[in-house]
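# Tertiary structure, described
As a plain string of letters, each chain reads:
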Amino acid sequence: MDKQFRVKLIVRRAPVLASINWLKQAWAIFIKAPLNWVLMFIILGAIALLGQIHPFTAVIGILLNPFLTAGMYKSVVAIQNQQTMQFTGLFSPLKETGCRAVFIRLAGLNMLASIPLSSLAVVLMQQQQDNNLQMPLVLLFVMGFVLVWMIFAYAVAIAYFLKERRLLAIMQASFVACWRNIIPLMVFLLLSLVLIMLTMPTYFIGLLVVVPVLNIAFFLSFNEFFALQVKATDDAVLEV
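Residues numbered from 1 in each chain as written. Predicted model: local features only at pLDDT ≥ 70, side-chain atom pairs only at ≥ 80, totals over all residues. Heavy atoms only, no water.

Going through the model one piece at a time under the given rule, you end up with 20 aromatic pairs. Ring centres of Phe141 and Phe145 lie 6.3 Å apart, and the angle between their planes is 25°; on these two criteria the pair is classed as stacked. Linking Phe141 with Phe145, this pair stays in helix H5 (residues 135-152), spanning four residues, or about one helical turn. The class of Phe145 is partly exposed, set by a relative accessible area of 47%. An angle of 25° between the planes, with centres 6.4 Å apart, marks the rings of Tyr154 and Phe222 as stacked. Of the two residues, Tyr154 is situated in the loop between H5 and helix H6 (155-161) and Phe222 in helix H9 (residues 207-225); the sequence distance between them amounts to 68 residues. (Phe/Tyr/Trp six-rings, centres within 6.5 Å; stacked < 30°, edge-to-face > 60°. Helix = DSSP H or I, 4+ residues; strand = E, 2+ residues; numbered from the N terminus. Buried < 20%, exposed > 50% of the residue type's maximum accessible area, 1.4 Å probe, protein only.)

Okay, here's the thing in structure tokens:
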């Protein structure tokens, strides 16, 4: 009992069709509080729109994003634990000082990483208008976008739920989780596109349901990729 535990991040490989279970579980979570989930994502959408108005509001939105993402994930966990979920829980991580510094750093790094991608996107749009689109630049943009996404995809969840505060460790773990599970994530992407396309007959009003379910399902992928277990050795290693 006196032995200290050594903590490290490990990532599990999920089955190829794991995303089907994520979506099923996400739907079960959604229907337990559908109105709250819809209100939560209306708020998120409104904040995203405000971020498009002015560079200042865009920065505010970027800084808020990790906190709001953690609030959404925390709501999923609340329902999983048979607790009451309120849409105002979206803002609860803003009151938690323990994660504040790491969230702000992650938001800043994400913003810095997005600057060259945004600049490249402007160039590509101009080339498209001039009918002179250069495929090497398109490939560079796609590769850069995917790389940045993999680095930050699970960063908030790792920082918030696994209590990791080292930025390099967080980004490395997120990248490894995506890399080791690239096939299940690609299947999830395809299923997501299908569900989004199915909302077209409703003039995309169905996105009020589909978007929350997809976001819940993505968090469930984090639950599957990362495990918490005690390794039975004399060193008493705690693996996360």
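And the narrative resumes.
Okay, the pattern of salt bridges next. Taken as a whole, this structure holds two salt bridges when the rule is applied. A salt bridge links Glu96 to Lys74; the nearest nitrogen and oxygen atoms lie 2.9 Å apart. Note that Glu96 is positioned in the loop between helix H3 (55-80) and helix H4 (100-129) and Lys74 in helix H3, a separation of 22 residues in sequence. A relative accessible area of 33% means that Lys74 is categorised as partly exposed. Notably, a salt bridge pairs Arg166 with Glu164, separated by 2.7 Å at the nearest N-O pair. (Salt bridge = Lys/Arg side-chain N within 4 Å of Asp/Glu carboxyl O.)

Formed by 56 residues in total, the largest nonpolar core has its most connected members in Trp22, Trp37, Phe103, Tyr154, Phe225 and Phe226. Ranked by the residues each element gives to this core, the list is headed by H9, at 10 residues. Once residues lying within four places of it in the same chain are set aside, the contact partners of Tyr154 are Ser174, Ala177, Cys178, Leu185, Phe218, Ser221, Phe222, Phe225 and Phe226. (Core = buried A, V, L, I, M, F, W, Y, C linked by side-chain atoms within 4.5 Å. Contact = heavy atoms within 4.5 Å.)

With their axes 10 Å apart at the nearest point, H3 and H9 run at an angle of 75° to one another. The orientation of H3 with respect to H9, classified from their angle, is roughly perpendicular. Within the contact between the two elements, H3 uses Met72, Tyr73, Val76, Val77 and Gln80 and H9 uses Asn215, Ile216, Phe218, Phe219, Leu220 and Asn223. The residue inventory of the contact of H3 with H9, partitioned by class, reads eight nonpolar, three polar and no charged. (Axes fitted to C-alpha atoms, helices over the stretch in contact; angles between N-to-C directions. Parallel < 35°, antiparallel > 145°, perpendicular 65-115°, else oblique. Nonpolar A, V, L, I, M, F, W, Y, C, P; charged D, E, K, R; others polar.)

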